[in-house]
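The chain contents come next:
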Amino acid sequence: MPKDKWFYKKSRKFTLSSKLLTLCVMLCGGILFCWLFYPNIANSGPYLNSAHGNTIYGVKRSATGFPADYTQGNCAHCHEQHAGIGGSEPAPNTGGASGPDKFLLFDENHTSQTVNFCFDCHTSVGSYQSGGISLNRSYSYNFGGNTNAGSYDSNILAAFSHTVVTGSSHHLPDIVSQALGKTMYDADGVAWSLPANINPCDACHNPHIAQRNKNTPYDAAKSAISRPSDHNNKWGDDLTERMNAAYADYQAPYWYGSTTAYEPANNTTANGSNLPNYVRLCTDCHNDLNTINSTNPRLPGTPRAIRKLSWKTASAVVTADGHGALNGGINYARSPYVNGGYRTLSCLDCHEPHGSPTNIDLIRSSVNGVSISVPNTSDASWQSFCFSACHVRATHNSSKPGCAGCHYHGGGRGGF
Ligand code: HEC
Ligand code: HEC
Ligand code: HEC
Ligand code: HEC
Ligand code: HEC
Ligand code: HEC
């Protein structure tokens, strides 16, 4: 029987099925056994080094009826072994009358764009995390230094809540329908797949191993992400998984408001040796092979297929992108980029991974150290983006009408 079936099936009221019992034994026995007798074996080590398993800042539930004696970081702050604790189920009591939720989590794993197990803690209002979580701001804030009011989301739920009127968010229901449980291909054409019933956040994260890299100071040896094609490993913690290892021509953008310090650490390192290779993460899904249909309400032209793109030098399907490894050389560059230089950009030099409070297409509120404004696909938006951040002007007239019709990923005129 496939392993996932154990956790997927709900048992009847007051009846512990043998499958559930097996999971209970695995959770209780396994954890106790591993932690008490073999604290350093492979299975428990990564969890204990994870952000959730941390005994100082890890998971700690606050809910009426939740016993106070579970140590911070214990699995029981996310998994309820008997779909309840001490004979009753602390709030939220979901999954049917005292019945267990999938994976024995304390709430439904994924329901909609804004109702998700992870948001039970990664929010600022009503968090089940004792004391709340204060660190989880936008990429532009944490790793770009833009702390201007209104330019960033102050928690993860907020970043995923830009579904009407302004801003944009990665659409979780589409990650479920287009990526999970499917045969997908990475940018090299190697097939991968993830189980259909996992949390869409866990396409890019693994809650059992994810770490906190945004420390004081930034710690590149820790990683919060896992590639969907390699779910049980952290991505970016090893030197071989950094941006400079894949692209010797990487040039980090400036830290917000600075001309001497660079992303992501607000220091002088500028060659990507401290940056996870985000291109490999994003291109596990976004490349010239996978077809992704979007119902994202904020995507211009929605619903439609997301454009295919190639960050490599050549593609049989689309025009390889100029901001990728296609070495066209930059024209009219703004510092620190130099005219004629060949540069491969990181996707997160321009995009937020979760959402953007004011801009479409997950475009960051600031790029290369300056604020930009891209609320729609107008020429003013594209001019703000291209000419404030990285180029002084274009070879053609800088007000050539209809920018968005020529400049997009995979587009015929030199890609994007
Ligand atoms: C019981 C509360 C709780 C739940 C539920 C929870 N988290 Fe967390 N999470 C935390 C805490 C606490 C931290 C550490 C916070 C910190 O860094 O200060 C954390 C940290 C993280 C980190 C590491 C980055 C960081 O800022 O430390 C990631 C990634 C993460 N969580 C993702 C998830 C995902 C994905 C889910 C859902 C599958 C999830 N979390 C569910 C409480 C929770
Ligand atoms: C498309 C991939 C992707 C998805 C889907 C995704 N994340 Fe992330 N997440 C990232 C990336 C990339 C970062 C920045 C990582 C880093 O610190 O290197 C990040 C960072 C984080 C952090 C740390 C933020 C900080 O302060 O540094 C948390 C917590 C987190 N994500 C939680 C979530 C939750 C919860 C969900 C689902 C609601 C989710 N993520 C969905 C890619 C993703
Ligand atoms: C931050 C919340 C969180 C914590 C803490 C946590 N888990 Fe999980 N766990 C999840 C989620 C969410 C899933 C469901 C799979 C998915 O969506 O990725 C899961 C799934 C599982 C599964 C079944 C699927 C699999 O990955 O094999 C097992 C077994 C499991 N967890 C064991 C544990 C153990 C043991 C611990 C403590 C060492 C633990 N979990 C701590 C969130 C958590
Ligand atoms: C697990 C697969 C997966 C990964 C990995 C992934 N995406 Fe996506 N992405 C999707 C899906 C599915 C959609 C369609 C839903 C939507 O429009 O948000 C999408 C849509 C988008 C959009 C269009 C959204 C809009 O509002 O215009 C952007 C931009 C985007 N992704 C950027 C990224 C970046 C940057 C990364 C790397 C941090 C990334 N994606 C990683 C699955 C993925
Ligand atoms: C008809 C298609 C088309 C339109 C419309 C267009 N561009 Fe371009 N753009 C190009 C091409 C092709 C290049 C490559 C350089 C060249 O051949 O002139 C380019 C180059 C650029 C460059 C890179 C610098 C350079 O000269 O190589 C920037 C920046 C730029 N365009 C911005 C814009 C902006 C902003 C707009 C809208 C105000 C716009 N473009 C409208 C086709 C277009
Ligand atoms: C130089 C800035 C820049 C970089 C670097 C960049 N993007 Fe984009 N991206 C944009 C802009 C601008 C748009 C909106 C125009 C368009 O659709 O291409 C966009 C749109 C997208 C879309 C939505 C496409 C659609 O169908 O509407 C996806 C998906 C995407 N980017 C993914 C990525 C990935 C993955 C990477 C890294 C491999 C990346 N981007 C790197 C600027 C950038």
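Keep in mind that this is a model prediction, so the values were computed, not measured.

Scoring rules and cut-offs
- Residues numbered from 1 in each chain as written.
- Chains lettered and ligands numbered in written order.
- Predicted model: local features only at pLDDT ≥ 70, side-chain atom pairs only at ≥ 80, totals over all residues.
- Heavy atoms only, no water.
- Buried < 20%, exposed > 50% of the residue type's maximum accessible area, 1.4 Å probe, protein only.
- Helix = DSSP H or I, 4+ residues; strand = E, 2+ residues; numbered from the N terminus.
- Contact = heavy atoms within 4.5 Å.
- Near = heavy atom within 4 Å.
- Polar contact = N/O pair within 3.5 Å; in protein donor to acceptor, adjacent residues only side chain to side chain.
- Phe/Tyr/Trp six-rings, centres within 6.5 Å; stacked < 30°, edge-to-face > 60°.
- Donors = N, O, S within 2.8 Å, 3.2 Å for Na, K, Ca; no water.
- Tetrahedral: all angles 85-135°; square planar, octahedral: opposite > 155°, others 65-115°.
- Nonpolar A, V, L, I, M, F, W, Y, C, P; charged D, E, K, R; others polar.
- Salt bridge = Lys/Arg side-chain N within 4 Å of Asp/Glu carboxyl O.

> Would you explain helix 10 (residues 379-389) in this entry?
Side chains three or four residues apart in an α-helix point the same way, a direct result of the helix having 3.6 residues per turn. Of the positions making up helix 10, those classed as buried are Ser 381, Trp 382, Ser 384, Phe 385, Phe 387 and Ala 389. Each element contacted by the buried residues of helix 10 is listed here: helix 9 (347-350), strand 7 (366-367), strand 8 (370-371) and helix 11 (403-406).

> Whenever I open this one, the site of ligand 5 confuses me. Can you help?
Around ligand 5, 16 residues are found, and the nearest of them are Thr 395, His 396, Cys 403, Cys 406 and His 407. With respect to ligand 5, the side chain of Asn 331 contributes an N or O atom lying 2.9 Å from an oxygen atom. At 2.8 Å from a nitrogen atom of ligand 5 is found a side-chain nitrogen or oxygen belonging to His 407. Those elements that provide at least two residues to the shell around ligand 5 are helix 10 and helix 11. Ranked by the residues each element gives to the shell around ligand 5, the list is headed by helix 10, at three residues.

> Just to check I follow, could you spell out the environment of Asp 186 for this structure?
For Asp 186, the location among the structural elements is in the loop between strand 2 (184-185) and strand 3 (191-192). Put simply, Asp 186 and Ser 229 are 43 residues apart on the chain and 7.4 Å apart in space, counted from C-alpha to C-alpha.

> Could you clarify how one ought to interpret the packing of aromatic side chains in this entry?
Aromatic ring pairs are reported here in terms of the distance separating the ring centres and the angle at which the planes meet. Counting across every chain of the model gives nine aromatic pairs. Judged by centre distance (5.8 Å) and plane angle (85 degrees), the rings of Tyr 139 and Tyr 278 are edge-to-face. You can see Tyr 139 sitting in helix 4 (residues 139-142) and its partner Tyr 278 sitting in helix 8 (residues 278-282), a full 139 residues away along the chain. Neither residue differs from the other here; Tyr 139 and Tyr 278 are each classed as buried. Ring geometry for Phe 143 and Tyr 218: centres 6.0 Å apart, planes at 80 degrees, overall edge-to-face. A residue pair is termed long-range when its members are at least 10 positions apart, and Phe 143 in the loop between helix 4 and helix 5 (156-159) and Tyr 218 in the loop between strand 3 and helix 7 (243-246) qualify at 75 residues.

> Can you walk me through the coordination of the iron atom of ligand 1 in this structure?
Under ideal tetrahedral coordination, the four donors around a metal are separated by 109.5 degrees; under ideal octahedral coordination, the six donors are separated by 90 or 180 degrees. Protein-derived ligands of the iron atom of ligand 1 are His 52 (NE2) and His 122 (NE2), with the metal-ligand distances lying across 2.0 Å. If you look at the iron atom of ligand 1, its six donor atoms make angles of 88 to 179 degrees with each other, and the shape they trace is octahedral. Of the two residues, His 52 is situated in the loop between helix 3 (44-48) and helix 4 and His 122 in the loop between helix 3 and helix 4; the sequence distance between them amounts to 70 residues. Classification of His 52 by relative accessible area gives partly exposed; the value is 26%.

> Explain the coordination of the iron atom of ligand 6 here, please?
For the iron atom of ligand 6, the full set of protein donor atoms is His 351 (NE2) and His 409 (NE2), at a range of 1.9 to 2.0 Å. Coordination geometry of the iron atom of ligand 6: the six donor atoms subtend angles of 89 to 180 degrees at the metal centre, consistent with an arrangement described as octahedral. Highlighted residues: His 351 in the loop between helix 9 and strand 6 (355-356) and His 409 in the segment after helix 11, separated in sequence by 58 residues. The exposure class assigned to His 409 is partly exposed, which follows from its relative accessible area of 23%.

> What's the story with the site of ligand 6 in this structure? I'm lost.
Residues in contact with ligand 6 amount to 22 residues; listed here are only the nearest, Arg 307, Cys 347, Cys 350, His 351 and His 409. Arg 307 is positioned with one of its side-chain polar atoms (N or O) 2.7 Å from an oxygen atom of ligand 6. Of all the secondary structure elements, the ones that give two or more residues to the shell around ligand 6 are helix 9 and helix 10. A per-class count over the shell around ligand 6 returns 13 nonpolar, six polar and three charged.

> Would you mind showing me how to read the pattern of salt bridges here?
This structure, assessed with the given rule, holds eight salt bridges. The partner of Arg 61 in a salt bridge is Glu 80, and the shortest N-O contact between them spans 3.1 Å. With a gap of 19 residues between them, Arg 61 in the loop between helix 3 and helix 4 and Glu 80 in the loop between helix 3 and helix 4 connect regions that are remote in the sequence. For Arg 61, a relative accessible area of 5% gives the class buried. Asp 219 serves as the salt-bridge partner of Lys 222, at 3.2 Å between the closest nitrogen and oxygen. Relative accessible area serves as the criterion here: at 28%, Lys 222 is assigned to the partly exposed category. Take Asp 219: its relative accessible area is 23%, and that puts it in the partly exposed class. When salt bridges that share partners are traced, they join Asp 186, Arg 227 and Asp 284 into one network.

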